[in-house]
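# Analysis of the macromolecular model
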Amino acid sequence: MADLQKNDVPAVGQVRQSVFIHENSGLRILFAGNSITKHSPRPAMGWLNDCGMAASDEAHDYVHLLLDRIRRYDPNPAWAIAQVGSYEANLWNGAKPSDAHADAAAFGADIIVMFFGANVPKDYETTEEPPRRFADAYADMRRYLDPAGSAVVFHGEGFYVRPVLDAEKRAVAEQFGDTWVSLDGIGTRADTHGRFNHPSDLGMQLIADAFWAKMEPQVAKIAEKRAK
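The residue numbering used here restarts from 1 in each chain and proceeds along that chain's sequence as written. Only residues with pLDDT of at least 70 get local features here, since the model is predicted, and only at 80 or more are side-chain atom pairs given and counted; chain-wide, interface and lining totals rely on the full set of residues. Calculated side-chain values reflect all of the structure's heavy atoms, with hydrogen atoms and water omitted.

### Brief notes about the environment of Lys221
In this text, helices come from DSSP runs of H or I with a minimum length of four residues, and strands from runs of E with a minimum of two, each type numbered from the N-terminal end. You can see Lys221 is positioned in helix α6 (residues 201-227). Using a 1.4 Å probe on the protein chains alone, a residue whose accessible area is under 20% of its type maximum counts as buried, one over 50% counts as exposed, and one in between counts as partly exposed. Overall, Lys221 belongs to the exposed group, its relative accessible area being 57%.

Okay, here's the thing in structure tokens:
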């Protein structure tokens, strides 16, 4: 039986750049994530898409599923991706949010979706005194991406089961007064896993559903305010 919690996709080289920006006139939403949020094509490993791994195409990854729903309230959202896979992997090597994500901080997001942690070293949970706590690195990134302190921020539980990381992420969400999004067992189901043990189209749909249940009221509120 396949190990549903095994993530063998290298953290380094997931994307050609760390920030992707799609400008528009409406509300501004920033997605901070890893390969589940965006992975550039890598033919050598059999991945040819340029979207969240392992959606069948761009339209089926959780980012674009959420954007489709956001457009019900604002047809012209601006959106950006801060791909932080390398930041996660270099937790203990002095990685700083400013190393590669200045354009994301300057984007001026109204809404930020933080959904990452899978590339944190696998021995993190069993290291008694790690050189740096994931919670500190996670809080640093959250603070950096919202320099004005005005964004509405949503933090997602991990797709892979890592209770220590999730507890630390949830504590950071509470520290900032942000919203926590539970995935409610999505990552433990075989049918939510696709290629490379990443979310299948069903997995992406359920992830988008979980975020949208918490996001929709805020999206509606911000869109209405911007329209005035």
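Okay, back to it.
### What about the nonpolar core?
One finds Ile29, Phe31, Tyr62, Phe211 and Met215 to be the most contacted residues of the largest nonpolar core, which totals 40 residues. Contributions of two or more residues to this core are made by β2 (28-33), α1 (62-70), β3 (78-83), β4 (111-115) and α6. Looking at this core element by element, the count peaks at 10 residues for α6. Residue contacts are defined here by distance: any two heavy atoms, one from each residue, within 4.5 Å place the two residues in contact. Contacts of Phe211, omitting those with residues within four sequence positions, involve Leu66, Val113, Met114, Phe115, Phe154, His155, Gly156 and Val181. Grouped together as the second largest cluster of nonpolar side chains are 29 residues, Leu30, Leu91, Ala109 and Ile112 included. Residues enter a nonpolar core if they are buried and are Ala, Val, Leu, Ile, Met, Phe, Trp, Tyr or Cys, with the set joined through side-chain atoms within 4.5 Å.

### Quick word on the side chain of Asn119
Looking at the element boundaries, Asn119 is found in the loop between β4 and α4 (134-145). Polar contact is the term for a pair of N or O atoms within 3.5 Å; when the atoms are in protein, one must be able to donate a hydrogen and the other to accept it, and sequence-neighboring residues count only if both atoms are side-chain atoms. A distance of 2.8 Å separates a polar atom in the side chain of Asn119 from a polar atom in the side chain of Glu88. Residues within four places of Asn119 in sequence aside, it is in contact with Asn7, Val9, Ala11, Gln14, Asn34, Gly85, Glu88 and Ala89.

### What to know about the pattern of salt bridges
Where charged atoms of side chains with opposite charge meet at close range, the side chains can pair. When a carboxyl oxygen of Asp or Glu lies within 4 Å of a side-chain nitrogen of Lys or Arg, that pair is called a salt bridge. Applying the stated rule across the entire model yields 16 salt bridges. Between Asp166 and Lys169 there is a salt bridge, with its nearest N and O atoms 3.5 Å apart. In this pair, Asp166 and Lys169 both sit in helix α5 (residues 163-176), three residues apart, roughly one turn of the helix. Each member of the pair, Asp166 as well as Lys169, carries the same accessibility label: buried.

### Considering α5
To estimate the expected span of a helix, subtract one from its residue number and multiply by 1.5 Å. For α5, built from 14 residues, the straight-helix expectation of 20 Å at 1.5 Å per residue is met to within 8% by its first-to-last C-alpha distance of 20 Å. Looking only at α5, the buried set comprises Leu165, Asp166, Glu168, Lys169, Val172 and Ala173. The arc that holds the buried residues of α5, viewed along the axis, is 165 degrees, so those residues lie on one side. In α5, those exposed residues whose orientation departs by more than 90 degrees from the buried face are Pro163, Glu174 and Gln175. Against the buried residues of α5 lie α4, β5 (152-156) and β6 (179-181). Downstream of α5 by a residue or two, Gly177 has a phi angle that is positive, lying close to 70 degrees. This arc corresponds to the set of directions leading from the helix axis out to the C-beta atoms.

### Remarks on the pairing of β2
Among the six residues in β2, six count as buried, and that is most of the element. Side chains Arg28, Leu30 and Ala32 of β2 all project onto a buried face; the interleaved residues Ile29, Phe31 and Gly33 project onto the opposite face, where all are buried too. Note on pairing: two strands pair once DSSP finds at least 2 bridges between them. With six bridges joining them, β2 and β3 adopt parallel strand pairing. Residue pairing in the sheet places Gly33 in a bridge with Gln83 of β3. The path from the first strand over the helix to the second decides the hand: if it runs clockwise while the strands point away from the viewer, the crossover is right-handed. For the handedness criterion, the β-α-β arrangement of β2, α1 and β3 is classed as right-handed. As judged from the five bridges shared by β2 and β4, these two strands associate in the parallel manner. Across the sheet, the residue bridging to Ala32 is Met114, located in β4.

### Concerning the packing of α4 against α5
Look at α4 against α5: their axes get within 9 Å of each other, and the N-to-C directions meet at 40 degrees. Of the possible angle classes, the one that applies to α4 and α5 is oblique. Where α4 crosses over α5, the two elements pack in a sense that is right-handed. Contact residues: α4 offers Phe134, Ala135, Tyr138, Ala139, Arg142 and Arg143, while α5 offers Leu165, Glu168, Lys169, Val172, Gln175 and Phe176. Structural elements are reduced to axes, namely lines fitted to C-alpha atoms, with helices fitted over the stretch in contact, and the angle between N-to-C directions of any two is expressed from 0 to 180 degrees. Every angle not falling under 35 degrees, over 145, or within 65 to 115 is termed oblique; those three ranges are roughly parallel, roughly antiparallel and roughly perpendicular. Crossing handedness is read from the near helix: turned anticlockwise from the far helix by less than a right angle, it gives a left-handed crossing, and turned clockwise, a right-handed one.

### Some points on the packing of aromatic side chains
Note on aromatic pairs: the rings of Phe, Tyr and Trp (six-membered ring only in Trp) are paired at centre separations within 6.5 Å, and the planes decide the class, stacked below 30 degrees, edge-to-face beyond 60, tilted for the rest. Under the counting rule described, the total for this entry stands at 10 aromatic pairs. With a centroid separation of 5.3 Å and an interplanar angle of 85 degrees, the aromatic rings of Tyr62 and Phe115 are classed as edge-to-face. Of this pair, Tyr62 sits in helix α1 while Phe115 sits in strand β4, placing them 53 residues apart in sequence. Classification of Phe115 by relative accessible area gives buried; the value is 3%. Judged by centre distance (5.3 Å) and plane angle (75 degrees), the rings of Phe159 and Tyr160 are edge-to-face. Assessed through its relative accessible area of 2%, Phe159 is described here as buried. Here Tyr160 falls in the buried class, since its relative accessible area comes to 5%. Taken together through their ring pairs, the aromatic side chains of Phe31, Tyr62, Phe115 and Phe211 make up a single cluster. Two limits define a charge over a ring: the Lys NZ or Arg CZ must be within 6 Å of the ring centre, and within 35 degrees of the ring normal. Here the guanidinium or amino end of Arg28 rests over the ring plane of Phe107, the centre of that ring lying 4.2 Å away.

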